[in-house]
Protein chains: 2
Amino acid sequence: MKETVKRFILPENEIPRRWYNIQAEMPNKPMPPLNPATREPLHAEDLYPLFARECVNQELNMTDAWIDIPDEVREKYKYYRSTPLVRAYGLEKALGTPAHIYFKNESVSPMGSHKLNSAIAQAYYCKQEGVTNVTTETGAGQWGASLAYAASLFGIDAAVYQVKISYEQKPYRRSIMQTFGAQVTPSPSMSTRAGKDILTKHPNHQGSLGTAISEAVELARTTPNCKYTLGSVLSHVTLHQTVIGLEAEKQMEMAGEYPDMVIACFGGGSNFGGIAFPFMRHKIAGEEGKAHTRFIAAEPASCPKLTRGEFRYDFGDEAGYTPLLPMYTLGHNFAPANIHAGGLRYHGAGTVVSQLLKDGLMEAVDVEQLESFEAGCLFARAEGIIPAPESCHAIAATIREARKCAESGEEKVILFNLSGHGLIDMASYDKFLAGDLVNYELPDEVIRHNLDQI
Amino acid sequence: MKETVKRFILPENEIPRRWYNIQAEMPNKPMPPLNPATREPLHAEDLYPLFARECVNQELNMTDAWIDIPDEVREKYKYYRSTPLVRAYGLEKALGTPAHIYFKNESVSPMGSHKLNSAIAQAYYCKQEGVTNVTTETGAGQWGASLAYAASLFGIDAAVYQVKISYEQKPYRRSIMQTFGAQVTPSPSMSTRAGKDILTKHPNHQGSLGTAISEAVELARTTPNCKYTLGSVLSHVTLHQTVIGLEAEKQMEMAGEYPDMVIACFGGGSNFGGIAFPFMRHKIAGEEGKAHTRFIAAEPASCPKLTRGEFRYDFGDEAGYTPLLPMYTLGHNFAPANIHAGGLRYHGAGTVVSQLLKDGLMEAVDVEQLESFEAGCLFARAEGIIPAPESCHAIAATIREARKCAESGEEKVILFNLSGHGLIDMASYDKFLAGDLVNYELPDEVIRHNLDQI
């Protein structure tokens, strides 16, 4: 029997020491965030009250392509990094494809997803700056769980607003946050003005990331020595996630291959940018043999900001507390259908990804809920890992491309990010297996109506 | 900042190629299993109808210390092995102990526990021998999930009897089994004579591993081309688990240390034997610097076969279908309290471990439920991994020893097996955090009464 190497793992001294800041090398920089009152570009000083200073500086850094990972953060990364790069022989066989499929397995993080990469960094910077409390929002709960753990690592109190539908669908994630000592509130709640306003208008509101952000931002503004943290969308969050792609690049070298396609699911963009940007820098530089790579973001068909949204200035949250951001958006008051991929139910895309999509450096595809779970079950049976409903979208897009290779006979190299496992999302799989899940129609008029309201 | 190596991982070519069979080297061999009707020692032929032949041969092999791992099994191991050996700096700091604490992290297996190591082997041997169906029992569901996945890997149908209390407490594990296509039935059920008999006597019976074994054995006996598989207790199961300790030994060498203590939780003995036996062989051989190691099994105080049971012949199951085994037992009709560590709710210990305990080569301690969850929460906050309720017992025993070192100032090296994660057991943590969990009294008279009924 021929022995094959299945997993590529880096020694600890090869874990990256710097993150990659694509903002410094983009052909067109993202347009600046605007102060909604003045419509003037935002300054760092405008954001310091809300975020850790170092995060703000990273957010607005358009010049340094490489940012040092603090030693303390890197030491915490060692708890679970490097994550394995896996050759998905089982999936290839199940699909009968000549494609070589690799996945970066971020699900082995102790919180079960990539989110910890940025949570540790943000909590560290808060601690360094003397912050005692952090707030955030969470959808599926993966970001909230990661922040709760990271905050506890650095001795900071965490308060998390969890999207109500996820709070109810995924009680175990709430329990995990509570095990790490975080205070968890279903959103919309009566504990903030933003929450009260929404509940007054829509008493049965199921919650959305946009709403939960409004609540967390409001709490941060009204609590002493408290900062707000975000799990995706913003550039500094994506920056922290580039540790994924930087590791994957070294690991693909170990495997002796370079990806023709890099695929990730898309909520706000940090998992996508995390794996894609380190490879995309070679495309931007036009390097030989590395300029042809396609970068594919897989978003849910019921929340299609990249494939059916518009590029324009919009708020990052429901209540309009954030700066105006230049983004592909469905409108900040868009209420996504109750799909189980809670982490992808967000109306907008990060400013960097939005600019890159506009510039044709990446592509986007949309995936219906049923196709995503079919892909997840196929992957689970082939590779033994039950993927998070979010990650199922990346798998579905990968399967589409691998099937094209099966037809054409092309031996393409596909790399996707397995952003998290679905062990805490089994209720979703139950419903799928029982035939109780559906796809959601999203008529153009609904999108139009929401965009017209911006 | 001083850099420390936190995780030790073997390259794939260092994953063991042989399992270690301690039966060949024990100072006193275990006494033979007996045919309950004749009281004569059992022969391989008696067991062939129930188990895969190769498993039976391994079970009764008292001569070969090393058994080759089939290439096909080793290739499947590569999906998740080697598992990391982790230096628990966070836990050491939290305890203020000079002890060096290491844990072998079996929770990174895709099914979340060590159980997959034997499930893959058993399913492989069944497939080789033309078997089309397998049955088994499961407590917490970790074994059942592993067998369901392993069976699907080799294209075999699996039917699993899950202890009713776990079926209800841990619905996600049932969902995982179903995702892999297994048929899952809560036990006791009306689908077998054994189940019916028990339900007739005790209509509200919560189930136990002993009962579920009876049902699975009965189904295997009455189904064509069907074999029974077991997740612990038996020698061949423990043999497969020695891949844990064999890896750990190489990894401890990478760390430049040798354990003074090896600690594991104890249900039937396979996770304990899996990590302990490869180290214990040096103790048996009296090797210099390696003969002093203590081996500590941590069992629940409410199911204390090692610390309060008797060494005698008893059945492995409730209904008395299995051979008579020489074991430390609480009586095969012992009904354990409803602790959340479902995988430890078994009345007896494997024959090898029982003999080793009798011969003083190992020790046992008991841990109350509340102490186990306190230890689990302390570990979670220090190391970021939420441990399975079963594994919490090993952690509690480790913490006791580490605290002794804090008092004495001794720099002992402690290795424990983190047999699984608790992400699917968050309901237990919820109850613990809410103050709703209790310890269970177990009066001597109850144990006496059960033993007198054997």
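Values in this document were obtained by computation on a predicted structure and should not be read as measured data.

What counts, and where the lines are drawn
- Residues numbered from 1 in each chain as written.
- Chains lettered and ligands numbered in written order.
- Predicted model: local features only at pLDDT ≥ 70, side-chain atom pairs only at ≥ 80, totals over all residues.
- Heavy atoms only, no water.
- Contact = heavy atoms within 4.5 Å.
- Buried area = accessible area lost by both parts, 1.4 Å probe.
- Salt bridge = Lys/Arg side-chain N within 4 Å of Asp/Glu carboxyl O.
- Helix = DSSP H or I, 4+ residues; strand = E, 2+ residues; numbered from the N terminus.
- Buried < 20%, exposed > 50% of the residue type's maximum accessible area, 1.4 Å probe, protein only.
- Phe/Tyr/Trp six-rings, centres within 6.5 Å; stacked < 30°, edge-to-face > 60°.
- Lys NZ or Arg CZ within 6 Å of the ring centre and 35° of its normal.
- pLDDT = per-residue confidence, 0-100.
- Pairing = 2+ DSSP bridges.
- Axes fitted to C-alpha atoms, helices over the stretch in contact; angles between N-to-C directions.
- Arc of directions from axis to C-beta.

Chemist: How should the interface of chain B and chain A be read in this particular structure?
Modeler: Quite often, the size of an interface is put as the accessible area lost when its parts meet. Residue-level contacts link 50 residues of chain B with 50 residues of chain A. Contact between chain B and chain A buries roughly 4,300 Å² in total, counting both sides, with carbon and sulfur atoms accounting for 56%. It is B:Tyr79, B:Tyr172 and B:Thr179 in chain B that bury the most area against chain A; as a group they hold 17% of the surface buried on that side. Applying the counting rule to chain B against chain A returns two salt bridges.

Chemist: Help me understand unusual backbone geometry, please; the structure alone is not making it clear to me.
Modeler: Residues apart from glycine generally show negative phi values, whereas peptide bonds are mostly found in trans. All names here are of chain A. In this structure, Pro-188 follows Ser-187 across a cis peptide bond, with omega equal to 5°. With respect to the helices and strands, the residue Pro-188 is situated in the loop between strand E8 (183–187) and helix H9 (193–201). Although it is not a glycine, Arg-39 sits at a positive phi angle of roughly 60°. Mapped onto the elements, Arg-39 comes out in the loop between strand E2 (18–20) and helix H1 (44–47). The exposed category is assigned to Arg-39, whose relative accessible area is 51%.

Chemist: Help me out: how do you make sense of the environment of A:Lys2 in this one?
Modeler: Tracing the backbone shows A:Lys2 in the segment before strand E1 (7–8). Take A:Lys2: its relative accessible area is 67%, and that puts it in the exposed class.

Chemist: Any chance you could explain the packing of aromatic side chains here in plain terms?
Modeler: Each aromatic ring pair is described using two quantities: the centre-to-centre distance and the angle formed by the ring planes. Counting across every chain of the model gives 29 aromatic pairs over all chains. Seen from their ring centres, B:Tyr77 and B:Tyr80 are 6.4 Å apart, and the 75° between their planes marks the pair as edge-to-face. Both residues of the pair, B:Tyr77 and B:Tyr80, belong to the buried class. Counting every residue linked through ring pairs, the aromatic cluster contains A:Phe103, A:Phe379 and A:Phe416. Across the ring face of B:Tyr79, the terminal group of A:Lys6 is positioned such that the distance to the ring centre comes to 3.8 Å. The side chain of A:Lys76 reaches across the aromatic face of A:Phe154, ending 5.8 Å from its centre.

Chemist: Is there a simple way to explain the confidence of the model for chain A in this structure?
Modeler: Averaged over all residues, the pLDDT of chain A equals 95, while 100% of them reach at least 70. Confidence metrics for the complex model read pTM 0.93 and ipTM 0.90.

Chemist: Help me out: how do you make sense of the pattern of salt bridges in this one?
Modeler: Residue and element names in this part refer to chain B. Applying the stated rule across the entire model yields 40 salt bridges over all chains. Of the charged contacts in the structure, one is a salt bridge between Lys-6 and Glu-383, with a shortest N-O distance of 3.2 Å. Of the two residues, Lys-6 is situated in the segment before strand E1 (7–8) and Glu-383 in helix H15 (residues 369–383); the sequence distance between them amounts to 377 residues. In this structure Lys-6 comes out as buried when scored by relative accessible area, which is 3%. The exposure class assigned to Glu-383 is buried, which follows from its relative accessible area of 2%.

Chemist: Honestly, the sheet that holds E8(A) in this entry has me stumped. Any pointers?
Modeler: Adjacent strands of a sheet pair through backbone hydrogen bonds, lying either parallel or antiparallel. All names here are of chain A. With parallel pairing, four strands are arranged side by side in an open sheet as E8-E7-E6-E9. Each having just a single partner strand, E8 and strand E9 (226–228) make up the two edges of the open sheet. The mean angle between the axes of side-by-side strands here comes to 20°, regardless of whether they run parallel or antiparallel. Relative to strand E6 (residues 133–138), helix H6 (residues 142–153) is tilted by about 165°, and along the sheet it contacts E6 and strand E7 (157–163). Taken strand by strand, helix H8 (residues 171–179) contacts E6, E7 and E8, and its axis lies near 170° from that of E7.

Chemist: Explain helix H9 (residues 193–201) of chain B to me, please; I cannot follow it from the model alone.
Modeler: Residues separated by three or four positions in an α-helix point in the same direction, a consequence of the helix having 3.6 residues per turn. All names here are of chain B. Of all the residues in H9, the buried ones are Ala-194, Gly-195, Ile-198 and Leu-199. The buried residues of H9 occupy one face: seen down the axis, they fall within an arc of 125°. Residues Arg-193, Thr-200 and Lys-201 are exposed on H9 and point more than 90 degrees away from its buried face.

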